[in-house]
Amino acid sequence: MENMGSQTNISFHTKQVETPTNITIKGILGLLMDSIDVGRVQNLLTDNVDGGERKREVISLGIGDPTAHSCFHTTAAAKEAVVESLLLDKFNGYAPTTGLPTTRKAIASYLSRDLPYDLSLEDVYVTAGCTQAIETTVSILAKPNCNILLPRPGFPTYALCAAFRNVEVRYYDLVPENNWQVDLKAIEDLTDQNTIAIVLINPGNPCGNVYSYQHLEKIAETAKRVKTLIIADEVYGHLAFGENPFISMGLFSSVTPILTLGSLSKRWLIPGWRLGWLVINDPNCIFKSPKIVERIKKYCDIGGGPATFIQAAVPKIIESTKEDFFRNTLKMLKKSSDICYEKIQDIPCINCPYKSQGSMVVMVKLNLALLHDISDDIDFCFKLAKEESVILLPGTAVGLKNWLRITFAVEPSFLEEGLRRLKSFCLRHSNPILIN
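Residues numbered from 1 in each chain as written. Predicted model: local features only at pLDDT ≥ 70, side-chain atom pairs only at ≥ 80, totals over all residues. Heavy atoms only, no water.

Focus: the sheet that holds strand 12 (residues 350-351)
On the basis of which strands lie adjacent, the open sheet formed by four strands has the order 12-13-16-15 and antiparallel pairing. A single partner strand is all that each edge strand has here, and the edge strands are strand 12 and strand 15 (393-394). Note: strand 12 against strand 13 (residues 361-366), two bridges, orientation antiparallel. Within the sheet, the bridge partner assigned to Ile 350 lies in strand 13 and is Leu 366. (Pairing = 2+ DSSP bridges. Helix = DSSP H or I, 4+ residues; strand = E, 2+ residues; numbered from the N terminus.)

Listed below in structure tokens is the structure:
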């Protein structure tokens, strides 16, 4: 009877647990892949192309992981650094939960290149990718009745982390007609004394925008006026190939405190290595108090960080990587971005208001009025996956209904084939009277 009572009590408490209903990128992409029958996933479905049969591949333009394509691979220096670290047999044990001191120092030195002052290793906390940096940041800032400002469209992990911490989410809009710039008035209207931070993603995901110095300065000044700090998500830092160069938000940390989040994942093309960071840019020590530092350190004790041997390789990875590697990556991304933009111009029902200037993605708008049997962006993506074996991310997943996010960091021929199928799908589902 005692055991039964205990089980009943456990069951009762379990029923009170609610899972956040937020859409996640990996969740929706997993459902889209599942919607393609097993035959297509295994490349067994064939279609007739140019009079001959060939196996049809699944083409994913939905997730920002370019490593599946041979044209996007990391530098030899990075691989050699990891092998050397592993073979030394010195980094098989636990690392300090805030990160190896040599790793923190190397990241501080790397990020200081973009700043008018030098960061110290004490400003840096090593995380398991930028995702853990997001989760740590939201958690250490969370307090009762607080709120956080997120961009719309944006990266949904922020809202998911906020939901788990009972942090109210308030969205400010990015304006597509104005190069996806921040609606600064909205920020002033949305903030109050309970606002813990404004999240800014630059270079942009999902929009591909790269903000100018002038716009970033206005954002910092706005944050100062409303008396809150900025979480600067710079996971795509330096991946800028348009008119505006990448400017680190830390440059404005004398105006308002900046928490910079980033990783090696995108610039070094190693997302699976899970090496990220949370950095406090606060030269005036407005935010960085002993209590805050202790809070961050305690939270790091919960999650730990990346594998020790990966951390140990970071100084050499940063030091030994040649500029040619970065230039070549930018050249490939610009080429793919150009292909994507040009091909989209020829696809009915889709409009691209802003050509991507950075990161690996672009947002395009659906014109549902020209489609006779598509109800919304999610319906569009599921039918596209089933009929054409092409995966795109519905805009609803990033906060903008009836838009699509396209990832172009793929082989050019792969990208062109995916866009060819997208065009074929749009023509097949278009209302011929309206199109003509």
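Focus: the environment of Gly 303
With respect to the element layout, Gly 303 can be found in helix 10 (residues 290-303). Given a relative accessible area of 48%, Gly 303 falls into the partly exposed group. A C-alpha to C-alpha distance of 7.7 Å links Gly 303 and Thr 97, two positions 206 residues apart in sequence. (Buried < 20%, exposed > 50% of the residue type's maximum accessible area, 1.4 Å probe, protein only.)

Concerning the pairing of strand 16 (residues 403-407)
When you tally the buried positions in strand 16, you get five out of five residues, the bulk of the element. Burial of the side chains of strand 16 extends over both faces: Trp 403, Arg 405 and Thr 407 are buried on one face and Leu 404 and Ile 406 on the other. In the sheet, strand 13 pairs with strand 16 via five bridges, with the strands oriented antiparallel. Looking at the pairing, Val 362 lines up with Ile 406 of strand 16. The pairing of strand 15 with strand 16 spans two bridges and is antiparallel. Bridge pairing links Leu 393 to Arg 405 in strand 16.

Observations concerning the pairing of strand 9 (residues 229-233)
Each regular strand shows side chains that alternate between the opposite faces of the sheet. Among the five residues that make up strand 9, five are buried, leaving the element largely enclosed by the rest of the structure. The alternating pattern of strand 9 places Leu 229, Ile 231 and Asp 233 and Ile 230 and Ala 232 on opposite faces, both of which are buried. Sheet analysis places strand 8 (residues 195-201) next to strand 9, joined by five bridges and oriented parallel. The residue bridging Ile 198 from the neighbouring strand is Ile 230, located in strand 9. Note on the crossover from strand 8 through helix 9 (residues 213-225) to strand 9: the handedness is right-handed. Pairing geometry for strand 9 and strand 10 (residues 258-263), over four bridges, is parallel. Considered in strand 10, the bridge of Ile 231 is made with Leu 259. (Right-handed = clockwise from strand over helix to strand, strands pointing away.)

Section: the sheet that holds strand 9
Here we have eight strands laid out as an open sheet, ordered 4-11-10-9-8-5-6-7, and mixed in their pairing. Of all strands in the sheet, those with a lone pairing partner are strand 4 (124-128) and strand 7 (181-182), marking the two edges.

Overview of the nonpolar core
Core analysis: the biggest nonpolar cluster contains 135 residues, and Ile 148, Met 249, Ile 350 and Phe 380 have the highest contact counts within it. For this core, the element with the most residues is helix 12 (residues 323-344), which contributes seven residues. For Phe 380, the contacting residues outside a window of four places in its chain are Ile 350, Leu 366, Leu 371, Ile 374, Leu 404, Leu 422, Phe 425 and Cys 426. (Core = buried A, V, L, I, M, F, W, Y, C linked by side-chain atoms within 4.5 Å. Contact = heavy atoms within 4.5 Å.)

Observations concerning the packing of helix 2 (residues 25-35) against helix 13 (residues 377-388)
At a minimum axis separation of 8 Å, helix 2 and helix 13 run at an interaxial angle of 40°. Put simply, helix 2 runs oblique to helix 13. Crossing handedness for the pair helix 2 and helix 13: right-handed. Taking contact as the criterion, the partners of Ile 28, Leu 31, Leu 32 and Ser 35 in helix 2 are, on helix 13, Cys 381, Phe 382, Ala 385 and Lys 386. (Axes fitted to C-alpha atoms, helices over the stretch in contact; angles between N-to-C directions. Parallel < 35°, antiparallel > 145°, perpendicular 65-115°, else oblique. Left-handed = near helix turned anticlockwise from the far one by under 90°.)

That's the geometry; what it means functionally is another story.
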